[in-house]
Amino acid sequence: MSDPLPALCARFRERFGVEPSAVVRAPGRVNLIGEHTDYNDLPVLPMALQRELRLALRPRRDARVVLCNLDPTFGPRNFELAPAIEPFPQGDWGNYAKAAAQILARECGVQRGFDALIEGDVPPAAGLSSSSALSVACGLACAHANELAVEPLVFADLMARGERYVGTHSGGMDQAICLNARADHALRIAFHPLRVEAVPLPSSWRFVVAHSLVLADKSGAAREAYNSRRAQCAAALREMLAVPEVAAAGASYPELLERLGAERLGWIAAQRLEGVLLQRFRHQISEGMRVARARQALIAGDAETFGQLMDESHASLALDYEVSHPELDRLVELARCHGALGARLTGAGFGGCAVALARQADAERVVAGLRREFYAARAVPAALAEPVLVARASAGASVQLWRPAHARIEPAATDRAERGEGAR
Ligand code: GLA
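Here the structure is a predicted model, which is why all the values come from computation and not from measurement. Every chain's residues receive numbers from 1 upward, in the order its sequence appears when written. With the structure being a predicted model, the display of local features is reserved for residues of pLDDT at least 70 and the display and counting of side-chain atom pairs for 80 or more, all residues being used for whole-chain, interface and lining totals. Where side-chain values are given, they derive from all heavy atoms of the structure, hydrogens and water being excluded.

Caption draft 1: Highlighting the environment of alanine 249. In DSSP terms, a helix is any run of H or I states spanning at least four residues, a strand is any run of E spanning at least two, and both are numbered starting from the N terminus. Mapped onto the elements of the fold, alanine 249 is located in helix 7 (residues 244–249). Once the C-alpha coordinates of alanine 249 and arginine 259 are considered, the two residues, 10 residues apart in sequence, prove to be 6.1 Å apart.

See the structure below:
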């Protein structure tokens, strides 16, 4: 694929009349396993995608942030950088930029705004973290404009806290993978304190990511469903801590899982909790165990076990956590029928994407099967371009200084003459 940056920078020049000074790239992600556990501080295992958001920018002299998007669905937005920024209406894309700007103004004292032109190919509301790619890109742009250098783990934590501005009480997975991802690796992310371990992906494994065509907008309808899951997990934990044996073991999900073990914890939960709280708790502890086993399977190159854990994760998310959707269930089932070793919904659910593990030799069969039996019968929106892709584990977000080609220093005529070029 040709480098998309020169064209983006040319459009910036047309729009703002000057060259951009830098370009930020922030990838989307696919979570391989460990779903809805980050906000309970239980580890997760995502990787960054080749799909990314790109932002060309130039610092301004004042505190204004001016955002333009090459996608006309996202109209221009601008606002003043300040420690308390009034949000745009709920669901507005500009709130992700405000989220990043406000926390950097509050906690790092940034004052200088910037002009930005944005483009990207992470589909929105697909569970691939387009929104965190946007807030991370805006955060990095703001840091660049203010000559602020922040270590990626610290920056990820800032961005995760900042993003709650939009009203979703998310965990920290998306920002952590976006900023710390490594090409050809998955990242095991643990929380509180935030830490990451890059685990190499076996070269013969392929992750197929397929869109259910059902939008799951975290800043829209899925927001309440998401927040209520988090509240139910907190309520379940409170209930469990009323049991002296549990309280003696710790106060958080990771502590209880580590000190009591999944079996004992599950047994106590079955006595103490009921209904939705029991279901939510069961998902947390079973998914916590699956992430640990999936990490081992990944290190051992054991694709069968990894696939089986993905299947179990999907069942738990569908039945105990109730965040699947019939179209996601269908995708998962079809992927398995066409040669995947395991499949599950990825991201917050309620729609969005599924991810399936296949061996290299079978990946195209899975893709073709989904095209034939899922997409052929459904109307795929033109904006989605390609609803199924084979993921390539990519590097994390970066800021690169922009030097336009015509500003490159040409060798002087005399030098060229000496080397025998030109002046014939
Ligand atoms: C969203 C949130 C994440 C995480 C996932 C579900 O992507 O932003 O923090 O909770 O859902 O695993």
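Moving on, there is more to tell.
Caption draft 2: Region of the structure containing the site of the ligand. Being near a molecule or strand, for a residue, comes down to having at least one heavy atom within 4 Å of it. Near the ligand there are 13 residues, and of these Glu35, His36, Asp38, Asp174 and Tyr226 occur at the shortest range. Polar contacts, as counted here, are pairs of nitrogen or oxygen atoms within 3.5 Å of one another; within protein the pair requires one atom able to donate a hydrogen and one able to accept it, and residues that are adjacent in sequence qualify only if both atoms are side-chain atoms. Aspartate 38 places a side-chain nitrogen or oxygen 2.5 Å from an oxygen atom of the ligand. Surface exposure here means Shrake-Rupley accessible area, sampled with a 1.4 Å probe, where a residue is shielded only by the protein chains that are shown. For the ligand, whose accessible area on its own is 310 Å², the fraction buried by protein is 98%. Grouping the amino acids of the shell around the ligand by side-chain chemistry returns 4 nonpolar, 4 polar and 5 charged. When residue character is reported, Ala, Val, Leu, Ile, Met, Phe, Trp, Tyr, Cys and Pro are called nonpolar, Asp, Glu, Lys and Arg charged, and the others, Gly included, polar.

Caption draft 3: Quick peek at the packing of helix 3 (residues 130–145) against helix 4 (residues 152–163). As a rule, the C-alpha atoms of each element are fitted with a line to give its axis, helices using only the stretch in contact, and angles between N-to-C directions run from 0 to 180 degrees. Interhelical geometry of helix 3 versus helix 4 gives an angle of 120° and a closest axis separation of 10 Å. One finds that helix 3 runs oblique with respect to helix 4. When the axes of helix 3 and helix 4 are compared, the crossing they make is right-handed. Between helix 3 and helix 4, the residues in contact are Ser131, Ser132, Ser135, Val136, Gly139, Leu140 and Ala143 and Phe155, Met159 and Glu163, respectively. The scheme is simple: roughly parallel for angles under 35 degrees, roughly antiparallel for over 145, roughly perpendicular for 65 to 115, oblique for anything else. Helix crossings fall into two classes, left-handed where the near helix is turned counterclockwise from the far one by less than a right angle and right-handed where it is turned clockwise. Contacts are assigned to residue pairs that have any heavy atoms within 4.5 Å of one another.

Caption draft 4: Quick look at the sheet that holds strand 2 (residues 45–59). When DSSP locates at least two bridges between a pair of strands, those strands are taken to pair. Pairing within the open sheet is mixed, and its 6 strands lie in the order 4-3-5-2-1-12. The open sheet has two free edges, formed respectively by strand 4 (77–80) and strand 12 (398–401), since each of these has just one partner strand. When the angles between neighbouring strand axes are averaged without regard to direction, this sheet yields 20°. Here 5 bridges tie strand 3 (residues 64–69) to strand 5 (residues 114–120), and the two strands are oriented parallel to one another. Each bridged residue has a counterpart across the sheet, and for cysteine 68 the counterpart in strand 5 is leucine 117. Across the sheet, helix 10 (residues 303–319) touches strand 1 (22–33) and strand 2, and the angle it forms with strand 1 is around 85°.

Caption draft 5: Region of the structure containing the packing of aromatic side chains. Stacked, edge-to-face and tilted are the three classes for Phe, Tyr and Trp ring pairs, Trp counted by its six-membered ring, which pair at centre distances within 6.5 Å; planes under 30 degrees apart are stacked, over 60 edge-to-face, the rest tilted. Scanning all chains against the criterion turns up 9 aromatic pairs. Judged by centre distance (6.4 Å) and plane angle (65°), the rings of tryptophan 205 and phenylalanine 207 are edge-to-face. We note that tryptophan 205, like phenylalanine 207, is buried. Consider the rings of tyrosine 253 and phenylalanine 281, whose centres lie 5.4 Å apart with planes at 40°: the pair is tilted. With tyrosine 253 in helix 8 (residues 253–272) and phenylalanine 281 in helix 9 (residues 275–300), this pair connects stretches of sequence that are 28 residues apart. The burial state of tyrosine 253 is the same as that of phenylalanine 281; both residues are buried. Here, a charge over a ring is recorded when the distance from Lys NZ or Arg CZ to the ring centre is within 6 Å and its angle to the ring normal is within 35 degrees. Positioned over the ring face of phenylalanine 88 is lysine 98, at 3.4 Å from the centre of the ring. Of note, arginine 280 hangs over the ring of tyrosine 321, and the distance from its end group to the ring centre comes to 5.7 Å. Between buried and exposed lies partly exposed: a residue is buried under 20% and exposed over 50% of the maximum accessible area for its type, with that area taken using a 1.4 Å probe on protein chains only.

Caption draft 6: Representation of the pattern of salt bridges. One speaks of a salt bridge when a side-chain nitrogen belonging to Lys or Arg is within 4 Å of a carboxyl oxygen belonging to Asp or Glu. Throughout the structure, instances matching the rule amount to 27 salt bridges. Between glutamate 322 and arginine 280 there is a salt bridge, with the nearest N and O atoms lying 2.9 Å from each other. In this pair, glutamate 322 is assigned in the loop between helix 10 and helix 11 (326–337) and arginine 280 in helix 9, connecting sequence segments 42 residues apart. Between aspartate 320 and arginine 282 there is a salt bridge, and its shortest N-O distance comes to 2.9 Å. Of this pair, aspartate 320 sits in the loop between helix 10 and helix 11 while arginine 282 sits in helix 9; the two residues are 38 residues apart in sequence, bridging distant segments of the chain. With a relative accessible area of 39%, arginine 282 lands in the partly exposed category.

Caption draft 7: The nonpolar core, seen in detail. Formed by 55 residues in total, the largest nonpolar core has its most connected members in Leu55, Leu67, Phe114 and Met159. Here the element with the most residues in this core is helix 3; it accounts for 10 residues. Setting aside chain neighbours within four positions, we find leucine 55 in contact with Leu8, Ala22, Val23, Val24, Ala116, Leu117, Ile118, Ala137, Cys138 and Ala141. Note on terminology: a nonpolar core comprises buried Ala, Val, Leu, Ile, Met, Phe, Trp, Tyr and Cys residues joined through side-chain atoms within 4.5 Å. With 48 residues, the next largest nonpolar core counts Val243, Leu256, Ala269 and Leu273 among its residues.

Caption draft 8: Broad picture of the domain arrangement of the protein. Segmentation of the protein into domains returns domain 1 (5–199 + 395–423) and domain 2 (207–390). Domain borders in the structure are assigned automatically or taken from a domain database. Here domain 1 and domain 2 have C-alpha centroids that lie 27 Å from each other. With 43 residues of domain 1 at the contact, the number on the domain 2 side is 46 residues. Values labelled buried area give the accessible surface lost by two parts on being combined, using a 1.4 Å probe and summing over both. Across the domain 1 to domain 2 interface the summed buried area is about 3600 Å²; carbon plus sulfur atoms make up 60%. Sorting the residues of domain 1 by area buried against domain 2 places Ile33, Glu35 and His36 first, and these three jointly supply 18% of that buried surface. Residue assignment for the side of domain 1 that touches domain 2 shows that the elements contributing at least two residues are strand 1, strand 2, strand 6 (185–190) and strand 7 (195–200). The element contributing the most residues to the side of domain 1 that touches domain 2 is strand 1, with 5 residues. Of the residues contributing to the side of domain 1 that touches domain 2, the split by class is 18 nonpolar, 15 polar and 10 charged.

Caption draft 9: Examining the side chain of glutamine 102 more closely. Checked against the element boundaries, glutamine 102 lands in helix 2 (residues 94–108). The buried category is assigned to glutamine 102, whose relative accessible area is 10%.

Caption draft 10: Fine view of the sheet that holds strand 10 (residues 353–359). Sheet architecture is open: 4 strands sit in the order 9-10-8-11, paired in antiparallel fashion. Edge positions in the open sheet fall to strand 9 (342–345) and strand 11 (388–390), since each of these has one partner strand only. Going from strand to strand, the sheet's axes swing by 20° on average, the running direction of each strand aside. Here strand 8 (residues 205–211) pairs with strand 10 via 7 bridges, running antiparallel.

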